[in-house]
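Take a look at the letters that make up each chain.
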Amino acid sequence: MGSEMCIRDRITIDNKCPSCGANVKFNPTTQKWDCEYCGNSYEIGEFEKQQEKETKENLDFEIDEYTCPNCGATVVTDANTVATHCVYCGNTTIMKNRLQGEFKPDKLIPFKTTKEEAIEEFKKNVKKFMNNKLALLGLLVIVIMTVACIIGAIAGVDYVTPHLPDMKKAPGNGYLFGTDTMGRDLFARVLIGGCYSILIGVFCAVLSSVIGAILGAIAGYFGGKTDAAIIRISEIFQAFPQLVLVMMLVAIVNKRGLGNLLFIFVFTGWMTTFRMVRNEFVSIKGETYVKVCEAFGMSRMNIMFKQILPNVMSPIIVSTTTNVAFFILQEAALSFIGLGVADSTPTWGNILNAAKSVSVVTNQWWIWVFPGLAITLFVLAINFLGDGIRDVMDAKQQ
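Bear in mind that the values here come from a model prediction, so they are computed numbers and not experimental data. (Residues numbered from 1 in each chain as written. Predicted model: local features only at pLDDT ≥ 70, side-chain atom pairs only at ≥ 80, totals over all residues. Heavy atoms only, no water.)

1. A short note on the overall build of the protein
Note the threshold: Secondary structure counts use DSSP, requiring at least four H or I residues in a row for a helix and at least two E residues in a row for a strand, with both numbered from the N terminus. Residue burial is assigned from relative accessible area. The probe radius is 1.4 Å, only protein chains are included, and a residue is buried under 20% of its type maximum, exposed over 50%, and partly exposed in between. In this analysis, two residues are considered to be in contact whenever any of their non-hydrogen atoms come within 4.5 Å of each other.
Secondary structure summary: the protein contains 16 helices and 8 strands in total. Within the protein, the fraction of its 398 residues that count as buried is 41%. When contacts within the protein are restricted to residue pairs at least 6 apart in sequence, those whose partners lie at least 24 apart make up 56%.

2. Side note on the pairing of strand β2 (residues 23-27)
One face of the sheet, then the other: side chains in a regular strand alternate in exactly this way. The line we're drawing: When DSSP finds two or more bridges between two strands, those strands count as paired.
Side chains of β2 alternate between two faces, with Val 24 and Phe 26 buried and Asn 23, Lys 25 and Asn 27 left unburied. Bridge count between β2 and strand β3 (residues 32-35): 4 bridges; the pairing is antiparallel. Directly across from Val 24, in β3, lies its bridge partner Cys 35.

3. Some remarks on the packing of aromatic side chains
Inclusion rule: Each Phe, Tyr or Trp ring, with Trp reduced to its six-membered ring, pairs with another whose centre is within 6.5 Å; inter-plane angles below 30 degrees give stacked pairs, above 60 give edge-to-face pairs, and intermediate values give tilted ones.
In the structure shown here, the tally under the stated rule is 12 aromatic pairs. Each ring, one from Phe 265 and one from Phe 327, has its centre 5.2 Å from the other, and the planes form 25°; the classification is stacked. Of the two residues, Phe 265 sits in helix α9 (residues 258-268) while Phe 327 sits in helix α13 (residues 313-336), which places them 62 residues apart along the sequence. With respect to class, Phe 265 is no different from Phe 327; both count as buried. The rings of Phe 177, Phe 187, Trp 365, Trp 366 and Phe 370 are connected pair by pair, giving a single aromatic cluster.

4. Structural notes on the environment of Ala 188
Assignment of secondary structure puts Ala 188 in helix α6 (residues 186-222). Taking the C-alpha atoms as reference points, Ala 188 and Tyr 159, 29 residues apart in sequence, are found 5.2 Å from one another.

5. Observations regarding unusual backbone geometry
Despite not being glycine, Lys 168 shows a phi value in the positive range, around 60°. When you line up the elements, Lys 168 lands in the loop between α5 (133-155) and α6.

6. Considering the side chain of Thr 320
Summarising the element assignment, Thr 320 is placed in helix α13. Given a relative accessible area of 16%, Thr 320 falls into the buried group.

7. Let's talk about the pattern of salt bridges
Cut-off, in case you're wondering: Each reported salt bridge corresponds to a side-chain nitrogen of Lys or Arg within 4 Å of a carboxyl oxygen of Asp or Glu.
This model, assessed by the stated rule, comprises 8 salt bridges. For Asp 180, the salt bridge is made with Arg 184, and the minimal N-O distance between the two is 2.9 Å. The class for Asp 180 is buried, based on a relative accessible area of 4%. By relative accessible area, Arg 184 is classed as buried at 17%.

8. Some thoughts on helix α10 (residues 271-284)
Rules: The length a helix should cover is 1.5 Å for every residue beyond the first. Throughout, the arc means the angular range of directions from the helix axis out to the C-beta atoms.
The end-to-end C-alpha distance of α10, which contains 14 residues, comes to 20 Å, matching closely the 20 Å that a straight helix rising 1.5 Å per residue would cover. Inspection of α10 places Met 271, Thr 273, Phe 274, Val 277, Arg 278, Phe 281 and Ile 284 among the buried residues, and these make up the whole buried set. For α10, the angular spread of buried residues about the axis comes to 160°, placing them on one side. Its buried side turned inward, α10 meets α6, α7 (224-239), α9, α11 (288-295), α12 (300-308) and α13.

9. Observations concerning the nonpolar core
Let me state the cut-off plainly: In this description, a nonpolar core means a group of buried Ala, Val, Leu, Ile, Met, Phe, Trp, Tyr and Cys residues linked to one another through side-chain atoms lying within 4.5 Å.
Counting 44 residues, the largest nonpolar core has Leu 186, Val 190, Cys 204, Val 246, Phe 265, Trp 348 and Phe 378 as the members making the most contacts within it. Of all elements in the fold, only α5, α6, α8 (242-253), α9, α13, α14 (348-353) and α16 (366-393) reach the threshold of two or more residues within this core. Of all the elements, α16 adds the most residues to this core, at 11 residues. Aside from chain neighbours lying at most four places away, what touches Val 246 is Leu 261, Ile 264, Leu 334 and Leu 339. Residues Ala 217, Tyr 221, Met 304 and Leu 309 belong to the second largest nonpolar core, which totals 16 residues.

10. Topic: the packing of α11 against α12
In helix packing, the relevant descriptors are the interaxial angle and the interaxial distance, both defined with respect to the helix axes. Where we set the bar: Angles shown run from 0 to 180 degrees and are taken between the N-to-C directions of axes, each axis being a line fitted to C-alpha atoms and, for helices, limited to the stretch in contact. Put simply, a crossing is left-handed when the front helix is turned counterclockwise from the back one by less than a right angle, and right-handed when it is turned clockwise. Gly is put with the polar residues, along with every residue not named as nonpolar or charged; the nonpolar set is Ala, Val, Leu, Ile, Met, Phe, Trp, Tyr, Cys and Pro, and the charged set is Asp, Glu, Lys and Arg.
In the contact formed by α11 and α12, the axes pass within 11 Å of each other and the chain directions differ by 145°. As α11 packs across α12, the resulting crossing turns out to be right-handed. In this structure, α11 contributes Tyr 289, Val 290, Cys 293 and Glu 294 to the contact, and α12 contributes Ile 303, Gln 307 and Ile 308. Classifying every residue of the contact of α11 with α12 gives 5 nonpolar, 1 polar and 1 charged.

11. A word on the confidence of the model for the protein
What counts is decided by this rule: Here pLDDT means the predictor's own confidence in every residue, given as a number from 0 to 100.
Looking at the protein as a whole, its pLDDT mean stands at 77, while 74% of the residues score no less than 70. Summarising per-element confidence for the protein, the mean pLDDT is lowest in helix α1 (residues 2-9) (36) and highest in α5 (93). Here residues 1-14 is a poorly scored stretch, pLDDT under 50, and it has 12 contacts once near neighbours within four places are set aside; other chains count. Every residue in residues 55-64 scores below 50 in pLDDT, and together they form 16 contacts with partners more than four places removed in sequence or on other chains.

12. Looking at a nonpolar patch on the surface
Counted only if it meets this: Nonpolar side chains (Val, Leu, Ile, Met, Phe, Trp, Tyr) are joined into patches within 5 Å and like charges within 9 Å, using only residues with over 30% relative accessible area and no salt bridge. Per-residue and other accessible areas were derived by the Shrake-Rupley procedure at a 1.4 Å probe size, with only the shown protein chains allowed to occlude residues.
A cluster of nonpolar residues, Leu 134, Leu 137, Leu 140 and Ile 144, forms a patch on the protein surface that exposes about 380 Å² of accessible area. Of the residues examined, Ile 144 reaches a relative accessible area of 52% and is grouped as exposed.

13. Here's the deal with the side chain of Thr 273
Rules: For the purposes of these results, a polar contact is taken to be a pair of N or O atoms within 3.5 Å, where, inside protein, one atom must be able to donate a hydrogen and its partner to accept one; residues adjacent in sequence count only when each atom of the pair is a side-chain atom.
Summarising the element assignment, Thr 273 is placed in helix α10. Since its relative accessible area comes to 1%, Thr 273 is described here as buried. In terms of polar contacts, Thr 273 uses its side chain to reach the side chain of Ser 319, at 2.6 Å. Look past the residues within four positions of Thr 273 in its chain and what remains in contact with it is Ser 209, Gly 212, Ala 213, Ser 319 and Asn 323.

Structure (structure tokens):
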């Protein structure tokens, strides 16, 4: 009797009708549960039993909210889902107490987002990037300088022919940046030199980052003797200065060229990315979702490059953008002292090579100011752009 009185005292209890999903309320007059929408009535105790039955049969429609352990974002997932994929950081998380029977990991991991969600996330990242004024300025400078250099190369500006009567002419008089010590148009040489310098920086940075990311993933994931061996190799590479290696290569092949710089920069430039990626892999490989992926029987290559590597993209991007600026500066330094590309190839560093004499530095300022300004602007713009991309992609800063 006490139990019956307890039920009757609950005049309004918000529940869902198993038939239509509308709210049902307890009617003290009829002693039944009445649906407000379809009019179905349920006896005391009948509603609870049917609701429990419907819940078991339609478990796929229940949802659950959980917090991503990597970035802290709240993700809504299906109640039967075993593995979910965070749309913010890309972290794949195994839902605890959801393992029911045998599952095929390739069908459950990762959890794909809809096209609308991907578009919304892209718009959010673009808006965040646009709010970063320095990153936007850096992107604008990079686009303007790169497009100008490409247009100059396509237009075929004359950067080779010397005009002896016009040697060391100041800016103006038909020459926007003046002329160099041999009477060549300095503006044309800066445009063509930008094509070579940007090519060296981007090519070497991308290729060295790919090598460093692969070696860092292998060393960080496998650990042990493999990790120790790759670390020792990286330390050996770091022990040899690039200047000495360039001098040795020039002596061996008996010529200066663009290929020498590309080979040396890629050969010795992967260590920074390697160490950053390795450290991230060492800290991530102990996460629960990695252990569950291993328990599911996923291949090591799949775990390394599809599950862990997407969460390490932020340091790789930062390292790559930093290396672009670093290689451009390195090329300028080596070309300035005569160990870079051949004199017939105009790079920003080669153009500065003509300003080694004191008379040029003091009397012909335009010969070193304009190529030096081009290097400074492009390097700063690369650094600003790299910081902006890192802020957008780093989920921990969201």
